[in-house]
Amino acid sequence: MQVNNKSRTGKVVVIGTSAGGLNAVKLLINQLQENFPAPILVVQHISADATGNVLLDALNKHSKIKCEHAISGASLEDGHLYLAPSDHHLMIGDDKRILITKGAQENRARPAIDPLFRSAAVVFGSNVIGILLTGYLDDGTAGMIAIKRCGGTCIVQDPADAEYPDMPANALSQVKVDFCVPLLEMGGLLYQQLAAKPEKKKPAPKDILIEAKIAKRVLSDLPAVNALGDQVPFNCPGCGGVLWKVDKGSSTRYRCHVGHAYTAQALMAEQTMKIEETMWTALRMFEERRNLLTTFAREQTGAISKSALERADLSQVHIDRIKAILLADDNSTSDDIPA
């Protein structure tokens, strides 16, 4: 049944989380009553083959508000929680209805937090409350900056209270948030903020509008990305295209014209993964070449056999070098793991 997009408060709550999000969202939502006076939209990083049913089942079992998968075109209702479906971005359309798209990944994720936060900031302006919870890396930081620049309220989980503190800690380092509190204090804080009189919406900054439009459309838009920043000599790990450096706000980010977007940390993480994939592929190819040359040498005699063995030995040199690099990465990773 379709209902009007009317809220008693005229406000919306958007929540972003990643690792550790299942328990964090449960603890927060369990503090809310059935007549919660605003809709809630949640993005949790999940794999493309997941359904999100584990989180929904856990929430519906204990919470008083209705929790459901977000459906594109559905109206926003007070006292309802809408969870982003796997492998799709969750956003708020210009008509204040739910918008689900399969646009390019942002910060190596789909669903990603930034597209939701950014769209909410554009549509609701000062009447959006953004909440960033536990997680790795820094998805959500750019979205928090957008909410702040549009006059909204930013709430971050205290990193000391977070199961995985990176995500809230990165936001705190780049955004002057309104509140940094542990989970058990967020429910009461939300009611306080929703009780405040709604403010008149102000026009969103041009760059935020452009990025919101890019995320809402599955297409290439060179003029839009050109308006956001300058090209840089880096390739997009997602598609191989050119990247543009976006310097708006306090954080440095990168975008390609297809729509992939990265914070500096996410870009480095993605490049590291691509380099490792390339190294393993190179190792396999050199080992296959060595084996082929060795087999060929056994079947030949004289200069031909000698040449094949020399080339096999050269392949082994490359194999040893690649293995040394991969082993060095393993040692570096193990040094970062606490005992």
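Residues numbered from 1 in each chain as written. Predicted model: local features only at pLDDT ≥ 70, side-chain atom pairs only at ≥ 80, totals over all residues. Heavy atoms only, no water.

Caption draft 1: Up close: the packing of aromatic side chains. One pass over the full model with this rule turns up 3 aromatic pairs. Each ring, one from Phe-36 and one from Tyr-191, has its centre 5.4 Å from the other, and the planes form 80°; the classification is edge-to-face. Here the residue Phe-36 occupies a position in the loop between helix 1 (21-29) and strand 2 (40-44), and Tyr-191 occupies one in helix 6 (residues 186-195), the gap between them amounting to 155 residues. One residue, Lys-96, lies across the ring of Phe-124, its end atom 4.8 Å from the ring centre. (Phe/Tyr/Trp six-rings, centres within 6.5 Å; stacked < 30°, edge-to-face > 60°. Helix = DSSP H or I, 4+ residues; strand = E, 2+ residues; numbered from the N terminus. Lys NZ or Arg CZ within 6 Å of the ring centre and 35° of its normal.)

Caption draft 2: Region of interest: the sheet that holds strand 3 (residues 66-69). Spatial strand order, 3-4-2-1-7-8-9: 7 strands in an open sheet with parallel pairing. Here the strands that pair on one side only, and so sit at the sheet edges, are strand 3 and strand 9 (179-181). Strand-to-strand, the axes of this sheet are offset by a mean angle of 20°, without reference to chain direction. As judged from the 4 bridges shared by strand 7 (residues 128-132) and strand 8 (residues 153-157), these two strands associate in the parallel manner. Its bridge partner lying in strand 8, Gly-130 is registered against Cys-154. Each of strand 1 (12-17), strand 2 and strand 7 touches helix 3 (residues 113-124); the most contacted strand, strand 1, lies at about 165° to it. (Pairing = 2+ DSSP bridges. Axes fitted to C-alpha atoms, helices over the stretch in contact; angles between N-to-C directions. Contact = heavy atoms within 4.5 Å.)

Caption draft 3: Highlighting the environment of Trp-244. Position of Trp-244 relative to the elements: it lies in strand 11 (residues 242-246). Using a relative accessible area of 1% as the deciding quantity, one classes Trp-244 as buried. Note: C-alpha distance between Trp-244 and Val-232 (12 residues apart in sequence) is 5.7 Å. Apart from residues lying up to four places away in sequence, Trp-244 is in contact with Leu-222, Val-225, Asn-226, Gly-229, Asp-230, Gln-231, Arg-253, Tyr-254, Arg-255, Cys-256 and His-257. A distance of 2.8 Å separates a polar atom in the side chain of Trp-244 from a polar atom in the side chain of Asn-226. (Buried < 20%, exposed > 50% of the residue type's maximum accessible area, 1.4 Å probe, protein only. Polar contact = N/O pair within 3.5 Å; in protein donor to acceptor, adjacent residues only side chain to side chain.)

Caption draft 4: Here's a closer look at the packing of helix 1 against helix 2 (residues 53-62). Taken N-terminus to C-terminus, the directions of helix 1 and helix 2 make an angle of 25°; their axes are 10 Å apart at the nearest point. By the angle class used here, helix 1 and helix 2 are roughly parallel. Note on packing geometry: the crossing formed by helix 1 with helix 2 is right-handed. Packed against helix 1, whose contacting residues are Leu-22, Val-25, Lys-26 and Ile-29, the element helix 2 presents Val-54, Leu-55, Ala-58 and Leu-59 at the interface. For the contact of helix 1 with helix 2, the per-class residue count stands at 7 nonpolar, no polar and 1 charged. (Parallel < 35°, antiparallel > 145°, perpendicular 65-115°, else oblique. Left-handed = near helix turned anticlockwise from the far one by under 90°. Nonpolar A, V, L, I, M, F, W, Y, C, P; charged D, E, K, R; others polar.)

Caption draft 5: Just the sheet that holds strand 11, in detail. Taken in spatial order, the 4 strands of this open sheet run 10-11-12-13, and their pairing is antiparallel. Two strands bound the open sheet, and with one partner strand each, they are strand 10 (229-235) and strand 13 (261-263). In this sheet, adjacent strand axes meet at a mean angle of 35° when their direction is disregarded. For strand 10 and strand 11, the ladder comprises 5 bridges, and the chain directions are antiparallel. Directly across from Val-232, in strand 11, lies its bridge partner Leu-243.

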